Amino acid sequence: MLAIGGAAPAQELPGHGGPVRALAAWPGGLASGGFDQAVILWDPASGRARRVMRWHGAAVNALVALPGGGLASGGEDGRIALWPPGGAAEPLRVLEGHAAPVAGLAVGPDGMLASAGWDGIVRLWPNGGTSRVLDGHQGPVNGIAWAGRRWASAGYDGTVRVWDGQNGQVLAEFGLPQHALAALPGGMLASGGADGVVRLIAADGAVRELAAGSRPVVALAAAPGGAMLAAASLGGSVTLWSLPEGRLLHTLEGPGLPVWSVAFATDERTLWTGGQDRLLRRWDAASGAPLGPLAPAVEEALPDGADPEGARVFRACSACHALTATAGPMAGPSLHGIFGRQMGSLPGYPYSPRLARGDITWTPETVADLFTRGPDVVTPGTTMPVQRLGDPAERAALIRFLEVATAARSAP
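First things first, this report covers the structure right here in the doc. In this text, all values refer to a predicted model and were calculated from it rather than measured experimentally. (Residues numbered from 1 in each chain as written. Predicted model: local features only at pLDDT ≥ 70, side-chain atom pairs only at ≥ 80, totals over all residues. Heavy atoms only, no water.)

### Re the packing of aromatic side chains
Next up, step 1: In the structure shown here, the tally under the stated rule is five aromatic pairs.
Next up, step 2: With a centroid separation of 6.3 Å and 85° between ring planes, the pair formed by Trp-118 and Tyr-156 is classed as edge-to-face. Of this pair, Trp-118 sits in the loop between strand 11 (113–117) and strand 12 (121–125) while Tyr-156 sits in the loop between strand 15 (151–155) and strand 16 (159–164), placing them 38 residues apart in sequence.
Next up, step 3: Residue Trp-118 is classed as partly exposed on the basis of its relative accessible area of 38%.
Next up, step 4: Relative accessible area serves as the criterion here: at 36%, Tyr-156 is assigned to the partly exposed category.
Next up, step 5: Seen from their ring centres, Phe-314 and Phe-401 are 5.5 Å apart, and the 40° between their planes marks the pair as tilted. Placement of Phe-314 in helix 1 (residues 308–314) and of Phe-401 in helix 5 (residues 392–408) is noted, with a sequence separation of 87 residues between them. Of the two residues, Phe-314 and Phe-401, both sit in the buried class.
Next up, step 6: The aromatic ring of Trp-55 is capped on one face by Arg-79, whose charged end is 4.0 Å from the ring centroid.
Next up, step 7: Geometry around Phe-174 places Arg-199 over its ring, the cationic atom sitting 4.8 Å from the centre. (Phe/Tyr/Trp six-rings, centres within 6.5 Å; stacked < 30°, edge-to-face > 60°. Helix = DSSP H or I, 4+ residues; strand = E, 2+ residues; numbered from the N terminus. Buried < 20%, exposed > 50% of the residue type's maximum accessible area, 1.4 Å probe, protein only. Lys NZ or Arg CZ within 6 Å of the ring centre and 35° of its normal.)

### Comments concerning unusual backbone geometry
Next up, step 1: Between Leu-243 and the following residue, Pro-244, the backbone shows a cis peptide bond with an omega angle of 10°.
Next up, step 2: Positionally, Pro-244 belongs in the loop between strand 24 (237–242) and strand 25 (247–253).
Next up, step 3: Despite not being glycine, Gln-37 has its phi angle at roughly 75°, a positive value.
Next up, step 4: Looking at where Gln-37 falls in the secondary structure, it is placed in the loop between strand 3 (29–34) and strand 4 (39–43).
Next up, step 5: Even without a glycine there, the phi angle at Glu-268 is positive, about 65°.

### Side note on the pairing of strand 12
Each regular strand displays side chains that alternate between the two surfaces of the sheet.
Next up, step 1: Counting buried residues in strand 12 gives five out of five residues, a clear majority hidden from the surface.
Next up, step 2: The sheet contact formed by strand 11 and strand 12 spans four bridges and is antiparallel. Paired with Ser-115 across the bridge in strand 12 is Arg-123.
Next up, step 3: In this antiparallel pair of consecutive strands, strand 11 and strand 12, the connection spans three residues, and Gly-120 shows a positive phi of 85°.
Next up, step 4: Pairing geometry for strand 12 and strand 13 (residues 132–135), over four bridges, is antiparallel. The partner of Ile-121 across the bridge, within strand 13, is Asp-135. (Pairing = 2+ DSSP bridges.)

### Digging into the layout of surface pockets
Next up, step 1: Each pocket or cavity is described by its volume, and for the largest pocket that value is around 1,300 Å³.
Next up, step 2: In this structure, the largest pocket is lined by 48 residues; those nearest its centre are Leu-23, Leu-63, Leu-105, Leu-181 and Leu-220.
Next up, step 3: Broken down by class, the residue content of the lining of the largest pocket amounts to 37 nonpolar, nine polar and two charged. (1 Å grid on protein atoms, 1.4 Å probe; cavity = no way out; pocket = protein on both sides within 12 Å on 5 of 7 lines; lining within 4 Å. Points joined across faces, edges and corners; volume = space filled by probe spheres on them. Nonpolar A, V, L, I, M, F, W, Y, C, P; charged D, E, K, R; others polar.)

### What to know about empty space enclosed by the protein
Next up, step 1: All chains considered together, the criterion is met by one cavity of 30 Å³ or more.
Next up, step 2: Roughly 120 Å³ of internal volume is contained in the largest cavity.
Next up, step 3: Every residue lining the largest cavity is counted, 15 residues in all, and those nearest its centre are Gly-254, Pro-255, Val-259, Thr-273 and Arg-281.
Next up, step 4: Secondary structure elements with two or more residues in the lining of the largest cavity: strand 27 (270–275) and strand 28 (279–284).
Next up, step 5: Residue composition of the lining of the largest cavity, grouped by class: eight nonpolar, five polar and two charged.

### Structural notes on the pattern of salt bridges
Next up, step 1: Counting across every chain of the model gives 13 salt bridges.
Next up, step 2: Among the salt bridges present, the one from Asp-369 reaches Arg-373, with a minimum N-O distance of 2.8 Å. Of this pair, Asp-369 and Arg-373 both sit in helix 3 (residues 364–373), separated by four residues, roughly a single helical turn.
Next up, step 3: Look at Arg-373 and you get partly exposed, because its relative accessible area is 40%.
Next up, step 4: Each of Asp-195, Arg-199 and Glu-209 takes part in a single network of salt bridges with overlapping partners. (Salt bridge = Lys/Arg side-chain N within 4 Å of Asp/Glu carboxyl O.)

### Observations regarding the environment of Asp-376
Next up, step 1: As for its placement among the helices and strands, Asp-376 is situated in helix 4 (residues 375–378).
Next up, step 2: For Asp-376, a relative accessible area of 24% corresponds to the partly exposed category.
Next up, step 3: Measuring from C-alpha to C-alpha, the distance between Asp-376 and Gln-37 comes to 9.8 Å, with 339 residues separating the pair along the chain.

### Considerations on the sheet that holds strand 10 (residues 102–107)
Next up, step 1: Strand order across the open sheet formed by four strands is 10-11-12-13, with antiparallel pairing between neighbours. Both edges of this open sheet fall to strand 10 and strand 13, since each of them pairs with a single strand only. Shown here is a sheet whose adjacent strand axes are inclined to one another by a mean of 20°, direction ignored. (Axes fitted to C-alpha atoms, helices over the stretch in contact; angles between N-to-C directions.)

### Some words on the side chain of Thr-270
Next up, step 1: Structurally, Thr-270 is set in strand 27.
Next up, step 2: Once residues lying within four places of it in the same chain are set aside, the contact partners of Thr-270 are Ala-263, Phe-264, Ala-265, Arg-282, Trp-283, Ala-285 and Leu-291. (Contact = heavy atoms within 4.5 Å.)

### Notes on the sheet that holds strand 8 (residues 79–83)
Next up, step 1: In space, the four strands of this open sheet follow the order 6-7-8-9, with antiparallel pairing throughout. Looking at strand neighbours, the two that pair on one side only are strand 6 (60–65) and strand 9 (93–96), the edges of this open sheet. On average, adjacent strands in this sheet sit at an angle of 20° to one another, irrespective of strand direction.
Next up, step 2: The sheet contact formed by strand 6 and strand 7 (residues 71–75) spans five bridges and is antiparallel. Considered in strand 7, the bridge of Leu-63 is made with Ser-73.

Any functional reading would require information that these geometric values do not contain.
So, in structure tokens, the structure goes:
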């Protein structure tokens, strides 16, 4: 958990208002995409969100780091956004063509981007060119990967297909949906199935099975050097396997909720996971141990009169918002002195156009309304992740906490 007003222990990074559906890592950076329609750029060392980008009109299903430091995100809205290094309010470019949600993204030779869609189509996007359509799956396509010398895809039709030019062929068929695909050294592939089995597929179609559990495998990630494979399941566990022998190294047990995404850091020593509980978790890939205490972090002393239950509720906000006037830059504006302040009026903060209109004054009532109906309803167009508090007691506790903490904390 986040300490109030401070940085997160390495194990958990809260910030999303919904399940964490996608992850991407690059040297010194990490991005997550969620069911809350947000893409969050993180500073992995401090556990703080650098920027929140809420542009997609639906859940963000896929992320991939691009050559040169950029990022691509694919959404349930069928669109792919290309972002510059460090993010922006709007993408540099939008790729449109899929008629259904984009479920997977991958980068191939010369930086070519490929996308897998629930419209049954794989699209290749040459730099600056019109997309090429690869059509062959009989149903939604969930996974896409560059397998050394050709593209490969996996879909609900139970097939893993490889593509030479426009022509595709079935490399392996399993008779049940395949939810994830990862490229491995030597042209091998790993496919995650609805039966909880990870299948290692050789270039000639030979298959070896790894039993990851009884629940569907929905995300796969190979370590950059190819020595390990991570498989995340809807059962809440993540299995780590050594390659090429396929030996089970560790089973990472979280809170028992579905794990939707997994990614290795480029140092190969760190594994990131994202799940149903809206948290990112960091693990030691060699030992399988969480990097950070299993117990909640010791928090700073609360200001006199601050509501402890409200402080607990605020933890989900503290990844993006500070309570002090002198805190360093974060993804969201400081909340110091928020009550009585016009929306979008904190000097120096780059508000989204919707918040910059300043047509709301923040009071206990308007803040409560924000968390009752949600930012996407109260301030449509905001980049704030969707956060709702359905429990009136939790909303009241949060307001009581903010009334004290945002007025009393004038210094870190």
